[in-house]
Amino acid sequence: MAALQKTSTFNTALIAPKSTIVIGLSGGPDSVYLLHKLLDLKESLGLSLLAAHLDHEWRASSQDDVAFCKALCLQWNVPFITKKASELNYTFTYNGSQEELGRAMRRFFLEEVCQEHTADTIALAHHQDDQIETFFINLIRGSSIAGLGGIKEVDRTYVRPLLTTTKKEILEYLKKHGIPYVTDPTNASSDYLRNRVRHTGVPALTACDARTPKSIVKAMEHLQKTEQFLERVTLEALRSVCLSNEHTTHTLTLNAFFSLDAYLQKRVLKKWLALQIADARCSTAYLNEILRFLSSGRGGKHQIAPDYVLIKKQGNAWIASPYFF
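Below, the structure is looked at part by part. (Residues numbered from 1 in each chain as written. Predicted model: local features only at pLDDT ≥ 70, side-chain atom pairs only at ≥ 80, totals over all residues. Heavy atoms only, no water.)

**Notes on helix 11 (residues 284–295)**
Condition: For helices the rule is a DSSP run of H or I covering at least 4 residues; for strands it is a run of E covering at least 2, with both sets numbered from the N terminus onward. Given a helix with a known number of residues, its expected span is that number minus one, times 1.5 Å. Note on classification: 1.4 Å probe, protein chains only; a residue is buried when its accessible area is under 20% of the maximum for its type, exposed when over 50%, partly exposed between these limits. Summarising the geometry, the arc corresponds to the directions from the helix axis toward the C-beta atoms. Contact definition: two residues touch when any of their heavy atoms are within 4.5 Å.
A rise of 1.5 Å per residue sets the reference length of helix 11, with its 12 residues, at 16 Å; its end C-alpha atoms lie 16 Å apart and thus fit the reference within 8%. Regarding helix 11, the residues found buried are Tyr286, Leu287, Ile290, Leu291, Phe293 and Leu294. Across the axial projection of helix 11, the buried residues extend over an arc of 160°, all falling on one side. Across helix 11 from its buried face, at more than 90 degrees, point the exposed residues Thr284, Ala285 and Arg292. Packed against the buried residues of helix 11 are strand 8 (251–253), helix 9 (254–258), helix 10 (262–274), strand 9 (300–305), strand 10 (308–313) and strand 11 (316–320).

Encoded structure:
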């Protein structure tokens, strides 16, 4: 493929030279743009690219998307991997949000592909408009500072080089170069909160003040810096309230822990749990439940996950396997 003009908003710094990258390809404009831009960098950076598409099987026309992605990858000489959601060897919990379920399925599939092909990175096509929508969705849900800071450019093996690229830029680029893509009809449905925010909320605020999109992005940058600072404070506080003993190197000294500010207690507790429990999902209710146990006058043990129990004894607390007892 001939080299194309690079947009200044594509963050090439996230793309490691000589790496193998799995691209989440839905067939929509965003992921097609991402694939095209990575192909533009393939030769100069020595990249190996794989495109991966998960068919959620939620629409009768989903096979058309698979066929489009397969044909596009054949045309661009990119290895293509696809799977149906029903073929995933995993049982997913459903909390009522189809969007969340779809995201969990897609992440599982992409990480499976990444592992099977010993890839270095998974590239996703979230862009600036997605960031703005995510801010309002998390605001509506009463999210923390971390949530209001939005989507991370780098998150474990995931990279998102388009977070400073607007949807308008993407569509103009594809039109200019005559690049085809598919349109998901569910993107117009008002059944999903993201679509209501996209089609109603953000346009209404922009009509009130045209600076809204840029101002939200700036506010999110401030929130991300605040979260980074708080993360450093949290880690320092965690180290100050932990000690090592025969059980674990993460024993919590409760007097020191409860001397912390109440806000910091929850952050420290969440970090403490995440360091020891794989895929820990620390809701506010869950953290409050553990805090009640830790602050009570009695000792003993408290089941906090299927494979973990919280032990409290003589002013200390630690996490262990229930099978140990």
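**A short note on the sheet that holds strand 10**
To be explicit about the condition: A strand pair is defined by DSSP finding two or more bridges across the two strands. Each axis is a line fitted through C-alpha atoms, and for a helix only the stretch in contact is used; angles between axes span 0 to 180 degrees, taken between their N-to-C directions.
Read across the sheet, 5 strands follow the order 7-8-11-10-9 without closing on themselves; strand pairing throughout is antiparallel. The sheet is open, and its two borders are formed by strand 7 (242–243) and strand 9, each paired with just one other strand. In the sheet, strand 10 pairs with strand 11 via 5 bridges, with the strands oriented antiparallel. By the bridge assignment, Val309 is partnered in strand 11 with Ala320. Contacts between helix 11 and the sheet are confined to strand 8, strand 9, strand 10 and strand 11, with strand 9 contributing the most and set at about 170° to the helix.

**Thoughts on the pairing of strand 9**
Residues in a regular strand point their side chains to alternate faces of the sheet. As defined by bridge partners, strand 9 adjoins strand 10 across 5 bridges and the pair is classed as antiparallel. Pairing of His302 across the sheet is with Leu310, part of strand 10. Turn length for the strand 9-strand 10 hairpin, with the two strands adjacent in sequence and antiparallel, is 2 residues.

**A word on unusual backbone geometry**
A positive phi angle, close to 60°, is found at Lys18, a residue other than glycine. Looking at where Lys18 falls in the secondary structure, it is placed in the segment before strand 1 (20–24). Phi angles above zero are rare outside glycine, and Thr118 is one such case at about 45°. Locating Thr118 in the fold gives a position in the loop between helix 3 (98–116) and strand 4 (121–123).

**Overview of the state of the cysteines**
To keep things clear, this is the line we draw: In what follows, a disulfide is any cysteine sulfur pair within 2.5 Å.
Applying the stated criterion to the full structure yields 0 disulfides. Lacking any disulfide linkage, Cys73 is separated from the closest cysteine sulfur, that of Cys69, by 6.5 Å. Residue Cys73 is classed as buried on the basis of its relative accessible area, which comes to 1%.

**Points about the pattern of salt bridges**
Note the following rule: One side-chain nitrogen of Lys or Arg within 4 Å of one carboxyl oxygen of Asp or Glu is enough to make a salt bridge.
Under the definition given, this model contains 15 salt bridges. Arg103 is paired through a salt bridge with Glu100; the nearest N and O atoms lie 2.9 Å apart. Here Arg103 and its partner Glu100 are both found in helix 3, 3 residues apart, which amounts to about one turn of the helix. Judged by relative accessible area, which is 26%, Arg103 ranks as partly exposed. Classification of Glu100 as partly exposed rests on a relative accessible area of 30%. Across the salt bridge formed by Arg156 and Glu111, the nearest N and O atoms sit 3.3 Å from each other. Here the residue Arg156 occupies a position in the loop between strand 5 (154–155) and strand 6 (158–159), and Glu111 occupies one in helix 3, the gap between them amounting to 45 residues. Since its relative accessible area comes to 56%, Arg156 is described here as exposed.

**Some words on the sheet that holds strand 5**
Strands sit in the order 3-2-1-4-6-5 across an open sheet of 6 strands; the sheet is mixed. Edge positions in the sheet fall to strand 3 (80–84) and strand 5, since each has one partner strand and no second. Running at roughly 170° to strand 2 (residues 48–55), helix 2 (residues 62–76) makes contact with strand 2 and strand 3 of the sheet. Contacts between helix 3 and the sheet are confined to strand 1, strand 2, strand 3, strand 4, strand 5 and strand 6, with strand 2 contributing the most and set at about 145° to the helix.

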